[in-house]
Amino acid sequence: MKIAHLETFAKVAETGSFTRAAHDLFTTQPTVTNHIQLLEQELGYQLLIRQKNNVRLTEHGKNIYHKVEEIFRLIESIKNANAKNNTLSGILNIAASSVMGSNYLPHVLQKVFSDYPDVNIQLRFGNSHSIASWVDEGFVDMGFAPFSSGFPRLVFTPLLVEPCVLLTSRKRYDHYRKLLEEGTCTSGDFVIREKGTKLYEVSMSYLKKQPFYNENRPPHILYNIESIKNFIIEGAGIAILPRCCIEKCLQLDLVAVLPSSLPVGNITYCMIERQNENYNALFRRFRSMLLEEQEAPAKNTSAK
């Protein structure tokens, strides 16, 4: 009995898919099929039943899967028998929205760099839907973005609730404040993110409640928050952005928050994972660091 065949079986059982198992194991689907067939022939009974949209375990398959889990836990413990925390190595293959990747994750990733120098980090950027798709398909191991519907196999754990603010450049603050007060502002004065982002939803929800909103003169759309910030700093209009993205600009007096009679809204950012994911030691530690980071502000607040 080959370890590779057991590893393939475990991955198919965890993902419910021959295709995703092949992707995660960096092999081909025919190889996955061959491994399962050879294992079933050696054991003498069927382990998996292929259905239209997924794969399910037979009763024999469930029993064997639990035993395979024990085998790999034992192998992992043997590998780490004399290991210290700072010997963790491997690849953190993750994806994040621009807000999470630029404002939340850097602090945790700095700790990873410091504590585990043998770890390699691969961080991709995308919008909410694309990141959820990458996690669902196994292209990345974990994602960080707002909730995105249509992914029943994913788990979204809230990490950060960030208030959004209405802002413009400091040099054009008086101009845009006057337009808003007089009701002569237009939706064309706004710069927003693209569809598929939570920020687009927040921005459009706010705009559609305004008496000056005109769908025939839509807001400008940019596909990057940094670009939006630079446009605003140069006096190109008004934007709605998460406050954490513009704190340094506020401190440097490059932008200013405009008053609003209506609430602008909040965005909840989540850790995105596949259900029942069997993480290795590196990802288990990384996940713990993230949850510790989430609890830190609450602890600091209660200590005051």
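Here, every reference points to the structure presented above.
Predicted, not measured: the structure shown is a model, and the values here were computed from it. (Residues numbered from 1 in each chain as written. Predicted model: local features only at pLDDT ≥ 70, side-chain atom pairs only at ≥ 80, totals over all residues. Heavy atoms only, no water.)

1. Examining the layout of surface pockets
So, step 1. Here the second largest pocket defines a volume of roughly 330 Å³.
So, step 2. Lining the second largest pocket are 15 residues, with Glu14, Thr15, Gly16, Gln275 and Asn276 positioned closest to its centre.
So, step 3. Elements with a minimum of two residues in the lining of the second largest pocket: helix 1 (3-15) and helix 4 (59-79).
So, step 4. Among the elements that take part in the lining of the second largest pocket, helix 1 stands out by supplying three residues, more than any other.
So, step 5. Taken together, the residues of the lining of the second largest pocket break down into three nonpolar, seven polar and five charged. (1 Å grid on protein atoms, 1.4 Å probe; cavity = no way out; pocket = protein on both sides within 12 Å on 5 of 7 lines; lining within 4 Å. Points joined across faces, edges and corners; volume = space filled by probe spheres on them. Helix = DSSP H or I, 4+ residues; strand = E, 2+ residues; numbered from the N terminus. Nonpolar A, V, L, I, M, F, W, Y, C, P; charged D, E, K, R; others polar.)

2. Focus: the environment of His66
So, step 1. Turning to its location among the elements, His66 is positioned in helix 4.
So, step 2. Owing to a relative accessible area of 46%, His66 belongs among the partly exposed residues under this scheme. (Buried < 20%, exposed > 50% of the residue type's maximum accessible area, 1.4 Å probe, protein only.)

3. Some words on helix 10 (residues 243-251)
Along an α-helix, residues three or four apart share an orientation, since each turn contains 3.6 residues.
So, step 1. Along helix 10, the positions that sit buried rather than exposed are Cys245, Ile246, Cys249 and Leu250. Buried residues along helix 10 cover an arc of 120° about the axis, so they all sit on one side. With respect to the buried face of helix 10, the exposed residues turned more than 90 degrees away are Lys248 and Gln251.
So, step 2. Tucked into the core, helix 10 has its buried residues touching helix 5 (98-115), strand 6 (154-169), helix 9 (225-233), strand 9 (238-242) and strand 10 (255-257).
So, step 3. Of the residues one or two after helix 10, Asp253 is the one with positive phi, at around 60°. (Arc of directions from axis to C-beta. Contact = heavy atoms within 4.5 Å.)

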